[in-house]
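# Chain and residue survey
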Amino acid sequence: MPETHTHPVLVRPAVLSDEAALGELDRATWSTLHAVTSRPQPPYEPFFDDRHRPEGFLVAETEDADGEPRLAGYIRLVPPTPLACNTHVRQIQGLAVADRARGRGVARTLLRAAFAAARRDGANRMTLRVLGHNTPARALYESEGFVVEGVLPGEFFLDGRYVDDVMMGRSLAL
């Protein structure tokens, strides 16, 4: 049996200099499987803005063929509201993995890093929203302890059909 080499996935906080690579990744992974906005068109909006700041993102890096670190994915993790009574919750508001890195555990590694980061920030609960037809994402989330907590039937009209908006959540207690 041939030996297989897997490169480790390094997760770190995003920095401002990641902006171009994150924007490129975001555009490359756009799909109606997960996006409710129109396909981005040039001139592209900045990836980071007042609402999407680097500190809200964790990025994953893997080594390319030359052994150089290369952006492989990101997860956006933010408080769902500015309310003091809601500071114990973090919400995933974006997760993307480069095509070249799929099937290598990047999304799972990002999720687990997000759990750890949220716990360090004092959160004890995590939530997210996922489109009902995004079976791969839902399976990943369920395998990491998320459960469906609500469904908004037909909330979005995408590609000529109505799609459910599924709310999922999980405890961060160890």
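Below, the structure is looked at part by part. Here the structure is a predicted model, which means the values were calculated and not measured.

### Quick notes on the overall build of the protein chain
Looking only at helices and strands, the protein chain has three helices and seven strands in total. Sequence-ordered secondary structure for the protein chain, helices as α and strands as β, is β-α-β-β-β-α-β-α-β-β. On C-alpha atoms alone, the protein chain measures out to a radius of gyration of 17 Å, which is about the 16 Å that the 2.2 N^0.38 rule sets for 174 residues. With the principal axes as the frame, the protein chain shows a C-alpha extent of 45 × 40 × 40 Å. Out of the 174 residues belonging to the protein chain, those deemed buried represent 38%.

### Digging into the pattern of salt bridges
Summed over all chains, the structure comprises eight salt bridges. Arg53 is the partner of Glu55 in a salt bridge, and the nearest nitrogen-oxygen pair spans 2.9 Å. For Glu55, a relative accessible area of 58% gives the class exposed. Judged by relative accessible area, which is 43%, Arg53 ranks as partly exposed. Note that Glu149 and Arg125 form a salt bridge whose closest N and O atoms lie 2.6 Å from each other. Here Glu149 is found in strand E6 (residues 147-158), whereas its partner Arg125 is found in strand E5 (residues 125-131), with 24 residues between them in sequence. Among the charged side chains, a salt-bridge network with shared partners connects Arg12, Asp18 and Glu61.

### Points about the packing of helix H2 (residues 106-120) against helix H3 (residues 135-143)
When two helices pack together, you describe them by how their axes are tilted relative to each other and by the distance separating the axes. Viewed as axis vectors pointing N to C, H2 and H3 meet at an angle of 45 degrees, and their least axial separation amounts to 11 Å. Viewed along their axes, H2 and H3 adopt a mutual orientation that is oblique. Judged by the sense of rotation from one axis to the other, the crossing of H2 with H3 is right-handed. Of the residues in H3, those in contact with Ala107, Arg108 and Leu111 of H2 are Leu140, Tyr141 and Ser143.

### With respect to helix H1 (residues 19-28)
Taken together, the buried positions of H1 are occupied by Leu22, Gly23 and Leu25. Buried residues of H1, viewed axially, fall in a sector of 165 degrees; they line one side. Seen from the buried face of H1, the exposed residues on the opposite side, beyond 90 degrees, are Ala20, Glu24 and Ala28. On its buried side, H1 packs onto strand E2 (57-63), strand E3 (69-78) and strand E4 (89-97).

### Here we look at the nonpolar core
With 28 residues, the main nonpolar core has Ile92, Leu111, Met126, Tyr141 and Phe146 as its most contacted residues. Mapped onto this core, the elements with two or more residues apiece are E2, E3, E4, H2, E5, H3 and strand E7 (161-171). Here this core takes nine residues from H2, the largest share from any one element. If we ignore the near neighbours within four places in the chain, the residues touching Phe146 are Ile92, Leu111, Phe115, Met126, Thr127, Leu128, Tyr141, Met168, Gly169 and Arg170. Formed by 11 residues, the second largest nonpolar core is a distinct cluster that contains Leu22, Phe57, Val59 and Leu71.

### Some remarks on the environment of Pro46
Along the polypeptide, Pro46 turns up in the loop between H1 and E2. A relative accessible area of 49% means that Pro46 is categorised as partly exposed. The spatial distance from the C-alpha of Pro46 to the C-alpha of Val97 is 19 Å, given a sequence separation of 51 residues.

### Some details on the sheet that holds E4
In space, the seven strands of this open sheet follow the order E1-E2-E3-E4-E5-E7-E6, with mixed pairing throughout. A single partner strand is all that each edge strand has here, and the edge strands are strand E1 (10-13) and E6. Averaged over all neighbouring strand pairs, the angle between strand axes comes to 25 degrees, with direction disregarded. Two strands pair when backbone bridges link them, and E3 and E4 are joined in this way by five bridges, in the antiparallel orientation. Looking at the pairing, Ile75 lines up with Leu95 of E4. Those strands touched by H1 are E2, E3 and E4, and its axis lies near 80 degrees from that of E3.

What counts and how
- Residues numbered from 1 in each chain as written.
- Predicted model: local features only at pLDDT ≥ 70, side-chain atom pairs only at ≥ 80, totals over all residues.
- Heavy atoms only, no water.
- Helix = DSSP H or I, 4+ residues; strand = E, 2+ residues; numbered from the N terminus.
- Rg over C-alpha atoms; globule rule 2.2 N^0.38 Å.
- Buried < 20%, exposed > 50% of the residue type's maximum accessible area, 1.4 Å probe, protein only.
- Salt bridge = Lys/Arg side-chain N within 4 Å of Asp/Glu carboxyl O.
- Axes fitted to C-alpha atoms, helices over the stretch in contact; angles between N-to-C directions.
- Parallel < 35°, antiparallel > 145°, perpendicular 65-115°, else oblique.
- Left-handed = near helix turned anticlockwise from the far one by under 90°.
- Contact = heavy atoms within 4.5 Å.
- Arc of directions from axis to C-beta.
- Core = buried A, V, L, I, M, F, W, Y, C linked by side-chain atoms within 4.5 Å.
- Pairing = 2+ DSSP bridges.

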